[in-house]
Amino acid sequence: MYLCRRFNKKATNMIANYPSVLLIYTGGTIGMIENPETGALENFDFDHLLKHVPELKRFNYRISSYQFDPPIDSSDMEPLYWAKLVKIINYNYDYFDGFVILHGTDTMAYTASALSFMLENLSKPVILTGSQLPIGTLRTDGKENLITAIEIAAAKNANGTAMVPEVCIFFENHLMRGNRTTKINAENFNAFRSFNYPALARVGIHIKYEPNLIHKPDPTKALKPHYLFDTNVVILTLFPGIQESIITSLLHVEGLKAVVLKTFGSGNAPQKPWFIEQLKAATERGIIIVNITQCSSGAVEMERYETGIQLLQAGVISGYDSTPECAVTKLMFLLGHGLSNKEIRYKMNSCLIGEITKPNQQ
């Protein structure tokens, strides 16, 4: 069902000593080519990749590929495709040392966050990358991103274990933990940033890994794939002058189960009685409300100011330094597994796979 195809003819023999990487193309700019007549970007057959990246032939790796058919624009990415990615990885898990997912940049951070929860006990690299320019373009960033992502996916420690056994995003010389990463630039090559967690590796003449920052899995545990999501979640960004009717309407949407509340600064919100009352009533109805900051960097500290304390008293829980992408996918993941309200609140306040830093962790 999820058979991959051998990509490098030199590596058709299955010699175990050769590093092996499965390349999964979902869609996105990196796999597009410009139509010479219209100038529009169109998906091209992935068989042409070697033509545009002949350097791949120099890898002494066994590289195979799997292509979404048809390719998915990252704006259309959703849990259905996350589950498909997990199925592909799980099906091929024992046959490859690492996995590289080529993905559109717009929702890459959401996919990376989701996969970090879905691939429980992951002990091999899953590296997402892409580009701002198509790989066939003269100044493309896609070529370097792809080549380095493959090298990282195949990298091993002296004892034979994976160098980076977690879900990551590699972009413009930085390897970042996937569930800590957000897209910050639509124009330049430095499209992604991990504001609240250092890079796991930096790439220059050499790839400099940071072993103390990289997740260390339990080698006795087997990969446990997950596929269930509940998308009855919304992100609510506060702003000065937000109307009571809007808050009321949103918190009473039929089927709503959770809210990611993006507050000001270190977790502050309006002190208007109606606002606090609406939040309290929602949490009493079983809606889970998670507080994260609108700031790119930093964390929510709900005990710091009176406004944050009022949110705590209303039943709102802290999201600490979680990214919006991580907070929403973590909620959807936990809701999808039928956990109780109490269990979800506890796990949202817990660091499951390096996605948040709690004060006592610093």
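As the structure is a prediction and not an experimental result, all values here were calculated from the model. (Residues numbered from 1 in each chain as written. Predicted model: local features only at pLDDT ≥ 70, side-chain atom pairs only at ≥ 80, totals over all residues. Heavy atoms only, no water.)

Per the counting criterion, the structure on display carries eight aromatic pairs. Here a set of aromatic residues connected by ring pairs shows up, and it is made of Trp 82, Phe 117, Phe 229 and Phe 333. One Lys or Arg, Lys 124, reaches over the ring of Tyr 93 and ends 4.7 Å from the middle of that ring. (Phe/Tyr/Trp six-rings, centres within 6.5 Å; stacked < 30°, edge-to-face > 60°. Lys NZ or Arg CZ within 6 Å of the ring centre and 35° of its normal.)

Here we take up the sheet that holds strand β18 (residues 288-293). Pairing is parallel across the open sheet formed by four strands, whose spatial order is β16-β17-β18-β19. Only two strands of the sheet have a single neighbouring strand rather than two, namely β16 (233-237) and β19 (317-318). Judged from the five bridges that link them, β16 and strand β17 (residues 258-263) form a sheet pairing that is parallel. Within β17, the residue paired with Val 233 across the bridge is Ala 258. Helix α8 (residues 324-336) rests against β16, β17 and β18 of the sheet, and its axis sits at about 165° to β17. (Pairing = 2+ DSSP bridges. Helix = DSSP H or I, 4+ residues; strand = E, 2+ residues; numbered from the N terminus. Contact = heavy atoms within 4.5 Å. Axes fitted to C-alpha atoms, helices over the stretch in contact; angles between N-to-C directions.)

Taken as a whole, this structure holds six salt bridges when the rule is applied. With a shortest N-O distance of 2.5 Å, Asp 230 and Lys 257 are connected by a salt bridge. Taken together, the positions of Asp 230 in the loop between β15 (224-225) and β16 and Lys 257 in the loop between α5 (244-251) and β17 put the pair 27 residues apart, joining distant regions of the chain. Of the residues examined, Lys 257 reaches a relative accessible area of 36% and is grouped as partly exposed. (Salt bridge = Lys/Arg side-chain N within 4 Å of Asp/Glu carboxyl O. Buried < 20%, exposed > 50% of the residue type's maximum accessible area, 1.4 Å probe, protein only.)

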